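Listed below, chain by chain, are the residues.
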Amino acid sequence: MSSTLSVFLKPLTEDLAVSRGLFSLLRSGEILIGAAMAPLVGPLVDRYGGRWLMAGGAMVAGVGFVLMSQVDAFWQFLLLRWIFVTVGGVFMCHMVVSVTVSRWFIRRRGRAIAIASLGQGLSKVFIPVATATLFAWVGWRWTWSIFGVVTLILIVMPALIFMRHSPEEMGLNPDGVEPSAKMENGAGAHNASSRRRTATDEAIWTWREVIRTDTFWIICFVYGMANVGIAGLNLHVFAYVTDIGFSTLVAATVLSIIASTQLGSTLVWGFVGERMEIRRSSMLMFMIQSIGLATVIATQEVVTVYVGFFLYGIGLGGGWVLQELVWANYFGRMSLGMVRGLGILVTHAFGAAGAPFFGFVHDLTGSYRSSFVTFVVALVISAFLSLMVGVPRKRILNVG
């Protein structure tokens, strides 16, 4: 999705005769479509699980990739990307996966989400390289066709074979705990804490109850502001590095550094999320990201640029895990699809402004510096707002 577009930004804008700012609207449209669909898809995940959603989404997206290889104008590319790839992606991508994983785990949720996120991390490491290689060999048109076929192979059948709605569907319990052993580990305060955690995870929310909580809106605002910068930087980072005087090799290395550190830190953040209060771990994540980007824009030495994006990638690794933990820990697993759908509607509305903001600031000023500085400030604000998130109050059903 975004990683591929980042590599293709320059050749596609040149071949299709479109500015970077206008091309950036492509990502904004994708984000807005995903935001609009999320509240509809979320309850479907809660009710039916992700098997048929993922398989159907992969079929639609795969066809879209193939059709994109045949376009002659930007508007054709835009419509095919939005109608097929974006819609298919909503059904097969992270919300369906994260909600399903969160339903299967409670105590080990952090590491489970981290392990599941490794697939996304591996793709960020290898897809830019594979994209650039395929482009050099067969051009961008055949590259999109190949991506379409690969999407169908990698997702449709595995989703139908392996995806299951919840452990209860198979006569199991979250974390693989036997019914008689649910509360046997530990005693006293630990036992009481475990009961509260289990009760929270079994709570059933309505959308009206969710949007009336301060917790929902603070989380949305924090991750919404972060998404503005992430969406913009993901698309423009390759161009930024080359614009400040470095070669395409250095820019490609930056993408690999971000992806590698994001991937390498994912499991660490999973354990951190289980052991540290989620408010504090979120603040730590945002501060690491802000320090990394501040380091990048403070100098144009290649080593310092690498170090800065190294830190930024570590923070991004936390974003994969902690954002999912925040929603699941505060609102539980039973209504998580609905809650995540509402959250995505708001946070993606913020994020939709990211790509065109970076692109049009560049078009107006000839530089990405102002947008990068603004992103750093937003990350610092998000870090401190994370500490304000509190557990929402909800009348919880008796879970025994």
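Residues numbered from 1 in each chain as written. Predicted model: local features only at pLDDT ≥ 70, side-chain atom pairs only at ≥ 80, totals over all residues. Heavy atoms only, no water.

### So, the overall build of the chain
And step 1. When helices and strands are counted, the chain shows 15 helices and zero strands.
And step 2. Relative to its length of 400 residues, the chain is compact, with a C-alpha radius of gyration of 21 Å against a globular reference of 21 Å.
And step 3. When burial is assessed residue by residue, the chain has 54% of its 400 residues classed as buried.
And step 4. Here the analysis covers contacts within the chain between residues at least 6 apart in sequence; of these, 82% occur between residues at least 24 apart.
And step 5. Between the mean site of the 29 positive side-chain charges and the mean site of the 20 negative ones, the chain shows a separation of 6 Å. (Helix = DSSP H or I, 4+ residues; strand = E, 2+ residues; numbered from the N terminus. Rg over C-alpha atoms; globule rule 2.2 N^0.38 Å. Buried < 20%, exposed > 50% of the residue type's maximum accessible area, 1.4 Å probe, protein only. Contact = heavy atoms within 4.5 Å. Lys, Arg positive; Asp, Glu negative; His and termini not counted. Charge placed at Lys NZ, Arg CZ, Asp CG, Glu CD.)

### Regarding the nonpolar core
Nonpolar side chains tend toward joint burial in soluble globular proteins.
And step 1. Y240, V241, L293, F309 and F372 are the most contacted members of the largest nonpolar core, which totals 81 residues.
And step 2. With 14 residues, helix α9 (residues 214-243) is the single largest residue contributor to this core.
And step 3. In this view, V241 contacts F246, V250, A251, V254 and F309; residues no more than four positions away in its chain are not counted.
And step 4. Listed in part, the 22 residues of the second largest apolar core include F23, V71, L78 and F147. (Core = buried A, V, L, I, M, F, W, Y, C linked by side-chain atoms within 4.5 Å.)

### Some thoughts on the environment of L387
And step 1. On the secondary structure map, L387 appears in the segment after α15 (369-386).
And step 2. Under the relative-accessibility criterion, L387 is labelled partly exposed at 31%.
And step 3. Along the backbone, L387 and M157 are 230 residues apart, and their C-alpha atoms lie at a distance of 43 Å.

### Observations regarding the side chain of S117
And step 1. Relative to the helices and strands, S117 resides in helix α6 (residues 109-162).
And step 2. Ignoring anything within four residues of it in the chain, the contact list for S117 reads T266 and W320.

### Overview of helix α3 (residues 51-68)
And step 1. With 18 residues, α3 should reach 26 Å at 1.5 Å per residue; the first-to-last C-alpha distance of 26 Å fits that figure.
And step 2. The set of residues buried in α3 consists of L53, M54, A55, G57, A58, A61, G62, G64, F65 and M68.
And step 3. Those residues of α3 hidden inside the fold are in contact with α2 (20-48), α4 (74-92), α5 (94-104) and α6. (Expected span 1.5 Å × (residues − 1).)

### Brief notes about a nonpolar patch on the surface
And step 1. Taken together, the side chains of V66, W137, V138, W142, I146, V149, V150, I153 and L154 present a nonpolar region at the surface, about 920 Å² in accessible area.
And step 2. Examined against the element boundaries, I153 turns out to sit in helix α6.
And step 3. I153 sits in the exposed class, given a relative accessible area of 59%. (Patch = residues over 30% accessible without salt bridge, like charges linked within 9 Å, V, L, I, M, F, W, Y side chains within 5 Å. Areas by Shrake-Rupley, 256 points an atom, 1.4 Å probe, with all protein chains shown as cover. Salt bridge = Lys/Arg side-chain N within 4 Å of Asp/Glu carboxyl O.)

### Quick notes on the packing of α2 against α9
And step 1. Running from amino to carboxyl end, α2 crosses α9 at an angle of 155°, the nearest separation of the two axes being 9 Å. The angle between α2 and α9 places the two elements in the roughly antiparallel class. As α2 packs across α9, the resulting crossing turns out to be right-handed. On α9, the residues that touch R20, S24, R27 and I31 of α2 are A231, L235, H236, A239 and D243.
And step 2. For the contact of α2 with α9, the residue count by class is four nonpolar, two polar and three charged. (Axes fitted to C-alpha atoms, helices over the stretch in contact; angles between N-to-C directions. Parallel < 35°, antiparallel > 145°, perpendicular 65-115°, else oblique. Left-handed = near helix turned anticlockwise from the far one by under 90°. Nonpolar A, V, L, I, M, F, W, Y, C, P; charged D, E, K, R; others polar.)

### Quick word on the side chain of H165
And step 1. Here H165 is to be found in the loop between α6 and α7 (188-201).
And step 2. A relative accessible area of 13% means that H165 is categorised as buried.
And step 3. Polar side-chain contacts of H165 include one of 3.2 Å to the backbone oxygen of V45.
And step 4. Among the polar contacts listed, one links the side chain of H165 to the backbone oxygen of D46, at a separation of 2.7 Å.
And step 5. Leave out the neighbours within four places in its chain, and H165 touches V45, D46, R47, Y48, G49, T100, R103 and W104. (Polar contact = N/O pair within 3.5 Å; in protein donor to acceptor, adjacent residues only side chain to side chain.)

### Quick word on the pattern of salt bridges
And step 1. Considering all chains together, one arrives at nine salt bridges under this definition.
And step 2. Of the charged contacts in the structure, one is a salt bridge between E274 and R111, with a shortest N-O distance of 2.6 Å. Placement of E274 in helix α10 (residues 248-275) and of R111 in helix α6 is noted, with a sequence separation of 163 residues between them.
And step 3. We classify R111 as partly exposed; its relative accessible area is 26%.
And step 4. One salt-bridge network, held together by shared partners, links R111, E274 and R275.

Geometric values such as these leave the question of function open.
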